[in-house]
Amino acid sequence: MKDKLIIFDTTLRDGEQSPGASMTTDEKVRIASALERLNVDVIEAGFPIASVGDFEAVQAVAKTIKNSTICALARTLNKDIDRAGEAIKPANRSRIHTFIATSPIHMQMKLKMQPEEVIEYAVKAIKRARKYTDDIEFSPEDAGRSDEDFLCRILEAVIKAGATTVNIPDTVGYNLPQQFGTTISHLMERIPNADKAIFSVHCHNDLGLAVANSLSAIENGARQVECTINGLGERAGNASLEEIVMAIHTRQDIFECETRIKTSEIVSCSRLVSSITGFPVQPNKAIVGANAFAHESGIHQDGVLKNRETYEIMRAEDVGWSENKMILGKHSGRSAFKDRMIKLGVEFQSVQELNEAFSQFKDLADKKHEIFDEDLQALISQAHAYADQERIVLISLRVQAETGEIPRAHVILRVDNREVYSQASGCGMVDASLKAIEIIVKTEATLALYSVNSISSGMDAQGEVTIRLEKGGRIVNGLGADVDIVIASAKAYIHAANRLDTPIKKSYSQGIV
Ligand code: KIV
Ligand code: ZN
């Protein structure tokens, strides 16, 4: 029988460290539920000492998720360990993940600690964490640039103190596949009590090698891999869950281990993370990109028609790409709608919530006669976005545009329960609309990103707009979907403005309606 490879997902922790990817508690719970449906073994839900919001989010995930282990991150400080221990208390299965840096540059410049002190902190943290759970993970941060002899000493000490998983992070994405794999096998051979812990890896993608390094480590004995959906994470991101899982799955001739991941849930989980964080998935991204299974050249198309395996190493259905079939339409009833939503993992908390979602669905079905799963997911993402942040709401938008004329937008927003009108002109319809909104909401932020993607296919497909605003070092993403991309853009701008939560002064508005 093959070994089990533990899939440790850190989308909610390292993934959230991508600039602009911060998530609300409700959004984290929705992603955690999707990860549970995917059968992820461990969900790293956050860093509870970082803020009250982080603590509450980890606690909410711990209360909701039943089948995956819920993990909280902590430095080796007492206050961190206690806060992590409190946050994971409601979980069926819980883990504390504690870390301290071990590379010479981090110990000297950042921690200003001697190596012996670092070992002492690590051991004390493990012992304290054991008051809360028996499942304890230790990471020597920047292990990828640490001295191998020192790694052997600290890892032996933490395993002796009770660490059940030792994770080797390539924190700055410096390692190369063959060398990283060799490091893992050396550590496993040289540490006398290595057999008492599971070896894990956590690779960053600064050189585009996170997945390759992780796979090399797995070939050399690592039995846990840390990864994120869509490869989200600090800087260039972490190793992507979908790529690792499908490599293991597809190359069973090479790997001596297997995962428990339900691969058919991969695409919907990827879409959910993309729509919540506002990080679009590039079309040529492996496994989950829109072109991942598309064949353009005639020779390829001909080959695939004759025998799919001529040009495909995986089946699109196995990762959850469904036929773009019509799911619901204008005449579908409430129970068909509810059924489909449950299949997509959406549970309504009350009849009122179902009714509101159903009425939004009917509005959409009036504009667009074929409703796909992707449309339903966007609808839910938006409903959640607006339910969370209702301070600024779009009431109406009217845009005038004509060849040779300057476009002008007229907007009415509800701000703190008062309706406010504004108008502006711009170089295009989107520009005019965003300017009119900005006159009211006064974010004074820089527009760092504007992107529009089509949800599903067809001439009447909805456009999903992502807007990133940056102000004083803070970055937020806003999301909006509509069959009209000018309206989608306005919704995305308002969503981002709500997230920035700037004080809106009365004098900024052009007129109270
Ligand atoms: O990249 C890193 O070193 C980390 C640790 C906290 C595991 O994220
Ligand atoms: Zn990391």
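Just so it is clear, the structure is predicted and the values come from calculations on it, not from any experiment. (Residues numbered from 1 in each chain as written. Chains lettered and ligands numbered in written order. Predicted model: local features only at pLDDT ≥ 70, side-chain atom pairs only at ≥ 80, totals over all residues. Heavy atoms only, no water.)

J.: Can you help me understand the overall build of the protein chain in this one?
T.: Secondary structure summary: the protein chain contains 16 helices and 17 strands in total. The C-alpha radius of gyration computed for the protein chain amounts to 25 Å, which stays within 12% of the reference 24 Å derived for 513 residues, consistent with globular compactness. Projected onto its principal axes, the C-alpha coordinates of the protein chain cover approximately 75 × 65 × 45 Å. By residue count, 54% of the 513 residues in the protein chain fall in the buried class. The contacts in the protein chain between residues at least 6 apart in sequence include a share of 67% that link residues at least 24 apart. A total of about 23,000 Å² of accessible surface is found on the protein chain, and carbon and sulfur atoms cover 50% of it. Computing the positive centroid from 59 side-chain charges and the negative centroid from 71, the protein chain places the two 5 Å apart. (Helix = DSSP H or I, 4+ residues; strand = E, 2+ residues; numbered from the N terminus. Rg over C-alpha atoms; globule rule 2.2 N^0.38 Å. Buried < 20%, exposed > 50% of the residue type's maximum accessible area, 1.4 Å probe, protein only. Contact = heavy atoms within 4.5 Å. Areas by Shrake-Rupley, 256 points an atom, 1.4 Å probe, with all protein chains shown as cover. Lys, Arg positive; Asp, Glu negative; His and termini not counted. Charge placed at Lys NZ, Arg CZ, Asp CG, Glu CD.)

J.: Help me understand the coordination of the zinc ion (ligand 2) in this model?
T.: Put simply, the ideal angle at a metal is 109.5 degrees for four donors in tetrahedral geometry and 90 or 180 degrees for six donors in octahedral geometry. Protein coordination of the zinc ion (ligand 2) is provided by D14 (OD), H202 (NE2) and H204 (NE2), with donor distances spanning 2.0 to 2.1 Å. Between consecutive donors of the zinc ion (ligand 2), the numbers of intervening residues give the motif D-x187-H-x1-H. The pair H202 / H204 is uniform in exposure class, with both members buried. (Donors = N, O, S within 2.8 Å, 3.2 Å for Na, K, Ca; no water.)

J.: Would you explain the packing of helix α7 (residues 177-190) against helix α8 (residues 210-219) in this entry?
T.: A packed helix pair is summarised by two numbers, namely the angle formed by the two axes and the spacing between the axes. Contact geometry for α7 and α8: axes closest at 8 Å, N-to-C directions at 35°. As α7 packs across α8, the resulting crossing turns out to be right-handed. Between α7 and α8, the residues in contact are P177, Q178, F180, G181 and I184 and A212, N213, S216 and A217, respectively. Taken together, the residues that form the contact of α7 with α8 break down as 5 nonpolar, 4 polar and no charged. (Axes fitted to C-alpha atoms, helices over the stretch in contact; angles between N-to-C directions. Left-handed = near helix turned anticlockwise from the far one by under 90°. Nonpolar A, V, L, I, M, F, W, Y, C, P; charged D, E, K, R; others polar.)

J.: In this structure, what is going on with a nonpolar patch on the surface? I would like to understand it.
T.: Residues L447, Y450, V452 and I485 make up a contiguous nonpolar surface patch of roughly 310 Å² in combined accessible area. The dominant element in the nonpolar patch, judged by the number of residues it contributes, is strand β14 (residues 446-455), at 3 residues. Here L447 is to be found in strand β14. When its relative accessible area of 43% is taken as the criterion, L447 is described as partly exposed. (Patch = residues over 30% accessible without salt bridge, like charges linked within 9 Å, V, L, I, M, F, W, Y side chains within 5 Å. Salt bridge = Lys/Arg side-chain N within 4 Å of Asp/Glu carboxyl O.)

J.: What exactly am I supposed to notice about the layout of surface pockets here?
T.: Empty space within the second largest pocket amounts to approximately 410 Å³. Lining the second largest pocket are 23 residues, with N230, G231, A236, Q282 and K285 sitting closest to its centre. Of the residues assigned to the lining of the second largest pocket, the class counts are 10 nonpolar, 10 polar and 3 charged. (1 Å grid on protein atoms, 1.4 Å probe; cavity = no way out; pocket = protein on both sides within 12 Å on 5 of 7 lines; lining within 4 Å. Points joined across faces, edges and corners; volume = space filled by probe spheres on them.)

J.: How should the domain arrangement of the protein chain be read in this particular structure?
T.: Note: interface size is frequently given as the accessible area lost on complex formation between the parts. One can read the domain layout of the protein chain as domain 1 (3-277), domain 2 (337-385) and domain 3 (387-501). On a C-alpha basis, the centroid separation for the pair domain 1 and domain 2 is 34 Å. Taken together, the contacts link 6 residues of domain 1 with 7 residues of domain 2. The three residues of domain 1 that bury the most area against domain 2 are R30, R37 and R271, which together make up 63% of that side's buried surface. Our count for the contact surface shared by domain 1 and domain 2 stands at 0 salt bridges. Where domain 1 meets domain 2, there are 0 residue pairs in polar contact (both at pLDDT 80 or more). Looking at the side of domain 1 that touches domain 2, the elements that each hand over two or more residues are α1 (25-37) and α10 (266-277). Looking at the side of domain 1 that touches domain 2 residue by residue, the class counts come to no nonpolar, 2 polar and 4 charged. (Domains from an automatic or database assignment. Buried area = accessible area lost by both parts, 1.4 Å probe. Polar contact = N/O pair within 3.5 Å; in protein donor to acceptor, adjacent residues only side chain to side chain.)

J.: Explain the packing of helix α12 (residues 334-343) against helix α13 (residues 351-367) to me, please; I cannot follow it from the model alone.
T.: One can describe the packing of α12 onto α13 by two numbers: an axis separation of 11 Å at closest approach and a directional angle of 100°. Accordingly, the angle class assigned to the pair α12 and α13 is roughly perpendicular. Packed against α12, whose contacting residues are R334, F337 and K338, the element α13 presents L354, N355, A357, F358 and F361 at the interface. In terms of residue class, the contact of α12 with α13 is made up of 5 nonpolar, 1 polar and 2 charged. (Parallel < 35°, antiparallel > 145°, perpendicular 65-115°, else oblique.)

J.: What is the right way to look at the sheet that holds strand β9 (residues 224-227) in this model?
T.: If you trace the 8 strands once around the closed barrel, you get β2-β3-β4-β5-β6-β7-β8-β9, paired in parallel fashion. Strand-to-strand, the axes of this sheet are offset by a mean angle of 25°, without reference to chain direction. As judged from the 2 bridges shared by strand β6 (residues 136-141) and strand β7 (residues 165-170), these two strands associate in the parallel manner. Paired with E137 across the two strands is T165, which belongs to β7. Relative to strand β4 (residues 69-75), helix α3 (residues 78-87) is tilted by about 165°, and along the sheet it contacts β4 and β5 (94-101). (Pairing = 2+ DSSP bridges.)

J.: I keep staring at the site of ligand 1 and nothing clicks. Help me out?
T.: Taken together, R13, D14, H97, F99, S139, E141, P169, T171, H202 and H204 form the complete shell of residues around ligand 1. Contacts to ligand 1 include T171, whose side-chain N or O atom sits 2.6 Å from an oxygen atom. Note that an oxygen atom of ligand 1 is positioned 3.1 Å from one of the side-chain N or O atoms of H202. Considered on its own, ligand 1 offers 260 Å² of accessible surface; in the complex 94% of this is hidden by protein. At the level of elements, β5 and β6 are the ones that each hand at least two residues to the shell around ligand 1. Of the residues belonging to the shell around ligand 1, the class tally is 2 nonpolar, 5 polar and 3 charged. (Near = heavy atom within 4 Å.)

J.: Would you mind going over the packing of aromatic side chains with me for this structure?
T.: Centre-to-centre distance and the angle between the planes together describe a pair of aromatic rings. All chains considered together, the criterion is met by 5 aromatic pairs. Of the aromatic side chains, those joined through ring pairs into one cluster are F337, F348, F358 and F361. Across the ring face of F55, the terminal group of R83 is positioned such that the distance to the ring centre comes to 3.8 Å. Between the NZ or CZ atom of K124 and the centre of the ring of Y121, over which it lies, the distance is 5.8 Å. (Phe/Tyr/Trp six-rings, centres within 6.5 Å; stacked < 30°, edge-to-face > 60°. Lys NZ or Arg CZ within 6 Å of the ring centre and 35° of its normal.)

J.: Teacher, can you tell me more about the side chain of H495 here?
T.: Inspection of the secondary structure puts H495 in helix α16 (residues 485-500). Here the side chain of H495 touches L479 through a polar contact of 2.9 Å, landing on its backbone nitrogen.

J.: Mind showing me how you'd approach α8 here?
T.: Judged by how many residues are buried, α8 sits mostly within the fold: 8 of 10 residues are covered. All of the buried residues in α8 are A210, V211, N213, S214, L215, S216, A217 and I218. Residues of α8 that are buried make contact with β7, α7, β8 (198-203), β9, α9 (241-250) and β10 (257-258). Remark: G221 follows α8 within two positions and exhibits a positive phi of approximately 120°.

J.: Can you walk me through the pairing of β6 in this structure?
T.: Most of β6 is tucked away: 6 of the 6 residues are buried. Where the polypeptide runs from β6 across helix α6 (residues 148-161) and back to β7, its parallel neighbour, the crossover connection is right-handed. (Right-handed = clockwise from strand over helix to strand, strands pointing away.)

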